[in-house]
Amino acid sequence: MALARPRKINHSSKKKQKVVLMYKSVGAIGGAVFLLASCTEYQEADLRGSGGFIKELPEAVLTIAAPYQDLTAVRIDPEDGCYVYRHAGPVETTFLPLRSVRGRPICTRPANVETESSQAG
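Residues numbered from 1 in each chain as written. Predicted model: local features only at pLDDT ≥ 70, side-chain atom pairs only at ≥ 80, totals over all residues. Heavy atoms only, no water.

Undergrad: Could you clarify how one ought to interpret the packing of aromatic side chains in this entry?
TA: How two aromatic rings sit relative to each other is set out by the distance from centre to centre and by the angle between their planes. Considering all chains together, one arrives at 1 aromatic pair under this definition. Stacked on the ring of F95, the Lys or Arg R75 has its end atom at 3.8 Å from the ring centre. (Phe/Tyr/Trp six-rings, centres within 6.5 Å; stacked < 30°, edge-to-face > 60°. Lys NZ or Arg CZ within 6 Å of the ring centre and 35° of its normal.)

See the structure below:
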């Protein structure tokens, strides 16, 4: 009777399984870190609350603002320097210029005026 050869154990397949498991673990941990990082909210200056809204409006703005506007959600438009407020309409929510009682927009800087160089030309 012939003697049976002992079977060789293939250690390389077990190592491959461990490496694949390690990469999956690292990928899962990395993905979890990115998901948690995306949940944090960017904090602006102390004057602004959540969503970039101004926490406390200046007294002068409160005095001249028309009464029908939502003054709890106001921010400054970086393009023109004017105050805008969040208007929640029946279809959509949008930002509208904050207006005075007379209907004029309330801004932090004067309206664009022609510069001296363009007037001289």
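Undergrad: I would appreciate a short explanation of the state of the cysteines in the present structure.
TA: Scanning all chains against the criterion turns up 1 disulfide. Through a disulfide, C82 is tied to C107; the S-S separation comes to 1.7 Å. A torsion of 75° about the S-S bond marks the disulfide between C82 and C107 as right-handed. Of this pair, C82 sits in the loop between strand 1 (74-76) and strand 2 (83-88) while C107 sits in the loop between strand 3 (93-97) and helix 3 (116-120), and the two are 25 residues apart along the sequence. (Disulfide = S-S within 2.5 Å. Helix = DSSP H or I, 4+ residues; strand = E, 2+ residues; numbered from the N terminus.)

Undergrad: I would appreciate a short explanation of the sheet that holds strand 2 in the present structure.
TA: Strands in a sheet are paired, the pairing made by backbone hydrogen bonds, and the direction either parallel or antiparallel. Pairing is antiparallel in the open sheet, where 3 strands are placed in the order 1-2-3. With one partner strand each, in any of the chains shown, strand 1 and strand 3 form the two edges of the open sheet. Looking at each pair of strands side by side, their axes are set apart by 35° on average, direction ignored. (Pairing = 2+ DSSP bridges. Axes fitted to C-alpha atoms, helices over the stretch in contact; angles between N-to-C directions.)

Undergrad: Is there a simple way to think about the pairing of strand 2 in this case?
TA: When a strand is regular, its side chains alternate between the sheet's two faces. In this structure, strand 1 lies alongside strand 2, joined through 3 bridges in antiparallel fashion. Bridge pairing in strand 2 places I76 opposite Y83. Taking the residues that link successive antiparallel strands as the turn, the strand 1-strand 2 hairpin has 6 residues, and the phi of G81 there is positive, at about 75°. Sheet topology places strand 2 next to strand 3; 5 bridges connect them, and they run antiparallel. Each residue of the ladder has a partner; that of H87, found in strand 3, is T94.

Undergrad: Just to check I follow, could you spell out the side chain of Q69 for this structure?
TA: Its place among the elements puts Q69 in the loop between helix 2 (59-64) and strand 1. In this structure Q69 touches Y85, P97, L98 and R99, once residues within four positions along its chain are discounted. (Contact = heavy atoms within 4.5 Å.)

Undergrad: Explain the nonpolar core to me, please; I cannot follow it from the model alone.
TA: One recurring pattern in soluble globular proteins: nonpolar side chains tend to sit buried together. One finds I54, L57, V61, A65, V74, Y83, Y85, L98 and I106 forming the largest nonpolar core, which totals 9 residues. Those residues in contact with Y85 that lie beyond four places of it in its chain are Y68, Q69, D70, A73, V74, T94, F95, L96, P97 and L98. (Core = buried A, V, L, I, M, F, W, Y, C linked by side-chain atoms within 4.5 Å. Buried < 20%, exposed > 50% of the residue type's maximum accessible area, 1.4 Å probe, protein only.)

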